[in-house]
Each structure stands twice: as C-alpha cells, then as structure tokens.
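Take a look at the letters that make up each chain.
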Amino acid sequence: MEEKKLNEKESLELITQMIKQSRKNIAVGSGNRFLLYGYSAVILAVVVFALVYFTGNRLWAALWFAMFLPFVYTTLYDRKHRPTVITYTDRMINETWKVIGTLFIITVLTMMILGYVVGSVNFGLMMPLALIYCGIGTSITGLVIKDSVLAYLPLFGLIFAIYMLMTLPALHTPVTWHLYFGISFLIMMVIPGHNLNAKCRK
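Model, not experiment: these values are computed from the prediction.

Attention now moves to the nonpolar core. W64, F104, L131, F181, F185 and M189 are the most contacted members of the largest nonpolar core, which totals 33 residues. Those elements that provide at least two residues to this core are α2 (33-55), α4 (88-118), α5 (126-144), α6 (148-166) and α7 (176-201). Per-element accounting of this core gives the leading share, 8 residues, to α5. Not counting chain neighbours up to four residues away, the residues in contact with L131 comprise L158, F160, A161, M164, F181, S184, F185 and M188.

Moving on: the packing of aromatic side chains. Taken as a whole and assessed by the stated rule, the structure comprises 9 aromatic pairs. A ring pair is formed by F181 and F185, whose centres lie 4.9 Å apart and whose planes are at 35°; its orientation type is tilted. Of the two residues, F181 and F185 are both situated in helix α7; the distance of 4 residues between them amounts to about one turn of the helix. When sorted by exposure, F181 lands in the same class as F185, which is buried.

Attention now goes to the side chain of T107. Of note, T107 is situated in helix α4. What makes T107 buried here is its relative accessible area of 10%. There is a polar contact of 2.9 Å between the side chain of T107 and the side chain of Y133. Apart from the residues lying within four places of it in its own chain, the contact partners of T107 are M126, L129 and Y133.

Reading guide: rules and limits
- Residues numbered from 1 in each chain as written.
- Predicted model: local features only at pLDDT ≥ 70, side-chain atom pairs only at ≥ 80, totals over all residues.
- Heavy atoms only, no water.
- Core = buried A, V, L, I, M, F, W, Y, C linked by side-chain atoms within 4.5 Å.
- Buried < 20%, exposed > 50% of the residue type's maximum accessible area, 1.4 Å probe, protein only.
- Helix = DSSP H or I, 4+ residues; strand = E, 2+ residues; numbered from the N terminus.
- Contact = heavy atoms within 4.5 Å.
- Phe/Tyr/Trp six-rings, centres within 6.5 Å; stacked < 30°, edge-to-face > 60°.
- Polar contact = N/O pair within 3.5 Å; in protein donor to acceptor, adjacent residues only side chain to side chain.

Here's what the structure looks like:
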C-alpha cells in the first residue's frame, strides 16, 4: 500500500485534530484527575495540619500516604474506561505520568531503605519532592495540549517547594508545611483543573 505524503496544510490539520482528540479524551476520562488529586491534597493538608497541631503528635503525618488512593482509583478507572481512540499525544501524556508515578515509588522506597540503614528518616522531604514531581507533570501535560493555565500556573506552586528545600529541617517537619503543600496543590492542580473543565464545556 502506497503511503500518502501530507502537505504542510494537511499536516497542521492532522496535528490540530490530534490535539482536539486528546483534549476530548482528557475531558471525558482524565481531565478530572487534576481535581481529584488536587482536592485530595488540599483536604488532607487541612486534616493533617489540624491533627498534628492540636494533638502535638507528628505521627498523624503518615496520613499523607493516603494520597496513593487516588492513584489506585485512577489506575483501575483507566483500565475500565479506555478511550476509543488513543493518539500519540494521549500516549505522551500517559507515559509522562507513568514516569512521575515511578518517581514517587522509587523515592518512597529509597527513603525507607536508607532510613532503615541510617536509623532515621524524615519523610517531610517527600513534600517538596512531590510538589516538584506533580508540578512538572502538570506543566508538561499543559504544554502538550496547549493549555497555558495548565502549563504555567503549576510553576508558581513550586515556590513553596523551593522554600521547603531551602529550609529543610534535620528532624521534624514544621507543621505549617502541611498547609503550604495544600496551597501548592490548590494552585497547580485545582485551579487549572477547573479552568480546563470550563474550556471543555465550551
């Protein structure tokens, strides 16, 4: 079968159709995951902050591991609700978030192993790292689907990550970090998620 060569106009039209299809797929299946992760982080931030602040028990910070629940949910959801058409752009977005998810797993396992060897571990380091991982993943997604809010607003959420790394304590994580984490997810996922849904409805 002879391959048809596309001219410049046809190539641009094909790319535009792929982007539109990817936006449609995000709106139908994956768009709300920004809100899912964003609101989960915001709610957990308030809950963990309140529990640690009023009880004085820092072990409540372990509730942050509940952030893996949205990951399990979206993984199971994607298996049951696959889009009929998967474009190269969709695949690029999916692979980007697979890398981000792998980074989370590797980071947690590495911290646990090194903590066991050294004898202590400060899981508070996960907060700035998580902000960096999610911020980069969200921005890349925004660039791929050409949504400026989704691409650039998360970068402002990284301000708290930079602050945390520059003031990283040796032992105990400051209780205010939990609120900073929640605010960052509000900026980098909740607001862009609502903006994306509003555009998709139009």
